[in-house]
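Reading the structure
Listed here are the chains, written in short residue letters.
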Amino acid sequence: MNTSPILSTIAVLGGTGKEGKGLAFRWAKAGYRIFIGSRNPEKAKATALEILGLLDGKAFIEGTTNIKAAQAAGIVVLTVPYPAHRETLECVREPLQGKLLVDVTVPLVPPKVTRVQMPPSGSAAQEAYAILGKNVQVTSAFQNISFEQLLHAEPVECDVLVTGTSQEARMETLKLVLAAGLTGWDAGPIENSVVVEGLTSVLININRQSGSKNAGIKITGIPKRIANTTVE
Ligand SMILES: NC(=O)c1ccc[n+]([C@@H]2O[C@H](COP(=O)([O-])OP(=O)(O)OC[C@H]3O[C@@H](n4cnc5c(N)ncnc54)[C@H](OP(=O)(O)O)[C@@H]3O)[C@@H](O)[C@H]2O)c1
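Residues numbered from 1 in each chain as written. Predicted model: local features only at pLDDT ≥ 70, side-chain atom pairs only at ≥ 80, totals over all residues. Heavy atoms only, no water.

**Section: the overall build of the protein chain**
Within the protein chain one finds eight helices and eight strands. The C-alpha atoms of the protein chain give 16 Å as radius of gyration, which agrees with the globular expectation for 232 residues (17 Å, within 12%). The C-alpha extent of the protein chain, read off along each of the three principal axes, is 40 × 40 × 35 Å. Across the 232 residues that make up the protein chain, the buried fraction comes to 52%. Taking the intrachain contacts of the protein chain between residues at least 6 apart in sequence as the baseline, contacts between residues at least 24 apart amount to 76%. Total accessible area on the protein chain is roughly 10,700 Å²; 55% of this is exposed by carbon and sulfur atoms. Looking at the protein chain, you have 23 positive and 20 negative side-chain charges, and the mean spots of the two groups are 3 Å apart. (Helix = DSSP H or I, 4+ residues; strand = E, 2+ residues; numbered from the N terminus. Rg over C-alpha atoms; globule rule 2.2 N^0.38 Å. Buried < 20%, exposed > 50% of the residue type's maximum accessible area, 1.4 Å probe, protein only. Contact = heavy atoms within 4.5 Å. Areas by Shrake-Rupley, 256 points an atom, 1.4 Å probe, with all protein chains shown as cover. Lys, Arg positive; Asp, Glu negative; His and termini not counted. Charge placed at Lys NZ, Arg CZ, Asp CG, Glu CD.)

**Digging into the site of the ligand**
Around the ligand sit 20 residues, and of these Thr16, Ser38, Lys43, Val80 and Phe147 come closest. Between the ligand and the protein, one listed contact pairs an oxygen atom with a backbone N or O atom of Gly17 at 3.2 Å. Within the side chain of Ser38, one N or O atom sits 2.5 Å away from an oxygen atom of the ligand. When the free accessible area of the ligand is taken as 880 Å², the share hidden by the protein chains comes to 79%. Across the shell around the ligand, the residue classes tally to eight nonpolar, eight polar and four charged. (Near = heavy atom within 4 Å. Polar contact = N/O pair within 3.5 Å; in protein donor to acceptor, adjacent residues only side chain to side chain. Nonpolar A, V, L, I, M, F, W, Y, C, P; charged D, E, K, R; others polar.)

**Remarks on the packing of helix α1 (residues 18–29) against helix α2 (residues 41–54)**
It is the contact of α1 with α2, at a shortest axis distance of 10 Å, that shows an interaxial angle of 45 degrees. Overall, the two elements α1 and α2 adopt an arrangement that is oblique. Crossing handedness for the pair α1 and α2: right-handed. Residue-level inspection shows Lys21, Ala24 and Phe25 of α1 in contact with α2, the latter providing Thr47, Glu50, Ile51 and Leu54. When the residues that make up the contact of α1 with α2 are grouped by side-chain class, the tally is four nonpolar, one polar and two charged. (Axes fitted to C-alpha atoms, helices over the stretch in contact; angles between N-to-C directions. Parallel < 35°, antiparallel > 145°, perpendicular 65-115°, else oblique. Left-handed = near helix turned anticlockwise from the far one by under 90°.)

Here it is as structure tokens:
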């Protein structure tokens, strides 16, 4: 775990949902202090208790509003459906200043979720950066990991591609990937998030064709020692 007190506190906005709850579970298990954010603090408290129960009470996890969670944490993770992306970010713009946002959002456009349909800014992560401004570092990660893989302690086979506005931000995010028990790769600048976010529609398509729920990707041909790190 990160030893810096501020970087060892994570807010998961929309953490009451499927993907956010799974990530929060894994980071709480790894020893991070977790604040579950929600539009409804009672819902967030119930989710925090649920995760605490799964960890036999051996974790720090609290539920609160999205704004209070963003205020309390050094790293803020966004796990809301794309239609809620802009509104949620505008609510937490102030408390996010000077911090790191990890955007997990995939800009799916139902009902055609098996078709890549990116927003005009290029990707959800680039849109987040435009909304939050240059005083917020933004990374993009976990879009290719199904929630089905997260809410248990088993190892996960598929990899996580991390893009972001700076190498430092990507490094902090790769630490979170490792803490969640996953293998991560520095996938370059935030502009590359278009590929990673778009890949989710490809994986949903493969899932539908195969009857699976867990299609993912794995990077091959690279020594494992380079994983979960970044080289200038
Ligand atoms: N599910 C997956 O397997 C998966 C995998 C990779 C990436 N993702 C991406 O991760 C994000 C979250 O996915 P999810 O499946 O966890 O979503 P979800 O369960 O449908 O929603 C997550 C949370 O977002 C909040 N929310 C929902 N609608 C909202 C609205 N209209 N306005 C504001 N907040 C709203 C809700 O929190 P409150 O009601 O508590 O505010 C909800 O619990 C999405 O962008 C998705 O594409 C999902």
